[in-house]
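Residue-level structural notes
Chain residues, written in single-letter form:
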Amino acid sequence: MGPGGGRAGSGSRVEDRAAQSLLNKLIRSNLVDNTNQVEVLQRDPNSPLYSVKSFEELRLKPQLLQGVYAMGFNRPSKIQENALPLMLAEPPQNLIAQSQSGTGKTAAFVLAMLSQVEPANRHPQCLCLSPTYELALQTGKVIEQMGKFYPELKLAYAVRGNKLERGQKISEHIVIGTPGTVLDWCSKLKFIDPKKIKVFVLDEADVMIATQGHQDQSIRIQRMLPRNCQMLLFSATFEDSVWKFAQKVVPDPNIIKLKREEETLDTIKQYYVLCNSRDEKFQALCNIYGAITIAQAMIFCHTRKTASWLAAELSKEGHQVALLSGEMVVEQRAAVIERFREGKEKVLVTTNVCARGIDVEQVSVVINFDLPVDKDGNPDNETYLHRIGRTGRFGKRGLAVNMVDSKHSMNILNRIQEHFNKKIERLDTDDLDEIEKIAN
DNA sequence: AAAAAAT
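I will try to describe carefully the structure that is included in this document. (Residues numbered from 1 in each chain as written. Chains lettered and ligands numbered in written order. Predicted model: local features only at pLDDT ≥ 70, side-chain atom pairs only at ≥ 80, totals over all residues. Heavy atoms only, no water.)

Look at the link from glutamate 90 to proline 91: it is a cis peptide, with omega at -5°. Mapped onto the elements, proline 91 comes out in the loop between α3 (78-87) and β2 (94-98). Backbone geometry at lysine 190 places phi at a positive 55°, although glycine is not the residue there. Residue position: lysine 190 is located in the loop between α6 (179-186) and β6 (199-203). Of note in this structure, aspartate 252 is not a glycine but carries a positive phi near 40°. (Helix = DSSP H or I, 4+ residues; strand = E, 2+ residues; numbered from the N terminus.)

A few words on the packing of aromatic side chains. A full pass over the atoms with the stated rule returns seven aromatic pairs. Pairing phenylalanine 109 with phenylalanine 234 gives two aromatic rings, centres 5.5 Å apart and planes at 55°, and the pair type is tilted. A residue pair is termed long-range when its members are at least 10 positions apart, and phenylalanine 109 in helix α4 (residues 105-116) and phenylalanine 234 in strand β7 (residues 230-235) qualify at 125 residues. The pair phenylalanine 109 / phenylalanine 234 is uniform in exposure class, with both members buried. Three or more aromatic residues joined by ring pairs form one cluster here, namely Phe282, Trp309 and Phe369. Above the plane of the ring of tryptophan 243 lies lysine 257, whose end atom (NZ or CZ) is 4.6 Å from the centre. Lying across the ring of tryptophan 309, arginine 278 places its NZ or CZ 3.5 Å from the centre. (Phe/Tyr/Trp six-rings, centres within 6.5 Å; stacked < 30°, edge-to-face > 60°. Buried < 20%, exposed > 50% of the residue type's maximum accessible area, 1.4 Å probe, protein only. Lys NZ or Arg CZ within 6 Å of the ring centre and 35° of its normal.)

Below, the discussion takes up the state of the cysteines. Defined simply, a disulfide is a covalent bond joining two cysteines at their sulfur atoms. Per the stated rule, a full pass over the model turns up zero disulfides. With no disulfide of its own, cysteine 275 lies 11 Å from the sulfur of cysteine 286, the closest cysteine sulfur. A residue is classified by how much of its surface remains accessible, and cysteine 275, at 5% relative accessible area, is buried. (Disulfide = S-S within 2.5 Å.)

Turning next to the protein's contact with DNA strand B. Thr181, Phe191, Gln217, Arg304 and Gly326 are the nearest of the 25 residues found near DNA strand B. Glutamine 212 places a main-chain nitrogen or oxygen 3.1 Å from a base nitrogen of DNA strand B. Measuring from a phosphate oxygen of DNA strand B, one finds a backbone N or O atom of glycine 326 at 2.6 Å. Here the residues of the surface near DNA strand B sort into six nonpolar, 14 polar and five charged. (Near = heavy atom within 4 Å. Polar contact = N/O pair within 3.5 Å; in protein donor to acceptor, adjacent residues only side chain to side chain. Nonpolar A, V, L, I, M, F, W, Y, C, P; charged D, E, K, R; others polar.)

Moving on to the environment of isoleucine 388. Within the secondary structure, isoleucine 388 sits in helix α14 (residues 381-388). A relative accessible area of 0% places isoleucine 388 in the buried class. Separated by 118 residues in the primary sequence, isoleucine 388 and glutamine 270 place their C-alpha atoms 8.9 Å from one another. In this structure isoleucine 388 touches Leu265, Ile268, Gln270, Val366, Asn368 and Ala400, once residues within four positions along its chain are discounted. (Contact = heavy atoms within 4.5 Å.)

Structure representation (structure tokens):
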């Protein structure tokens, strides 16, 4: 086997459906990459700009290369071509990387972590932080899949509800977790010795270091790490002030930007529905429910309260929906996201907890029941891009529907439209034929 | 406002 010379897919061994979908993703990102500009800023400008066209060139451990191919990857995506040589260099380099949804960020940093693990050392060597419980579970699955040919490799989840006995020490090689739990495990509870961490990954890095986000906890964790610990920051979005802060807190960072976020928007058709109240939005949503359930859909609300209200109202109307928000206990959250992944639930009503990173292939429609706004009521462009980025995956055409219920929210929508310089057209929810045509 | 903690 091996990547061969040609396009991804030729001569590769594809074992199952999951592997096939990952392959599809890779094919798509290669196509998209033809029009994308990659910008690489190396720390040492004298060293040659260095990218790889195959995984072999990286001299990975055989069991890791086997894991990469078993997942259906046969050649690196654009971000991986540039990021992997930097991350695997000796000595390890720090990296801040920005590239859109579905371009292979997760696989890139998982590969970097796995290549640093020494299984004989029974303590955490790599630490990855995720902004939510659900994303930590998802990334953990990728680590387990890609590392499945290391029989000794162990992964620990530092997430809510995962309780350990006092005085216990984590012996697992990689820890994936959410900020609060990881901070406790590193400091107060001393389950992890942070001084022995070699690779530190911030997934959805912008929200992990934003003042409004998890900055305090992330930075407190970072300060406990050894000085030579490799730091890897990945996200699809970095708002200007956060980008500056990232460069300040990461020592000697290399920078990779996959430009043109409009690419994401080109595969997703955006519409808005004009209403005058929350109840009208609810009615409009009921009108299009049939059209959006042909595949899977995610409906975003601004608050937990609205989400649970909406899920209950939709149920009363006889529409089957699932609800996922941070007010639920983690066992429930794990069960709901699993049912949604399996396709047992077609519609997920949720909050920003699911705005980022969640990768469910069959999602073809995203509905913003409430537009994303920050705490000051200004448009939250980053969250908008992340939310609608839950669809339009695998080269399929995605659909985003924004529900507007006032002059104020129309103004928010106009500002989002201007920010991305991409037309958001009006949709008439009485015209079901039109909607079905768009949704498919 | 949501998320994030054995508090």
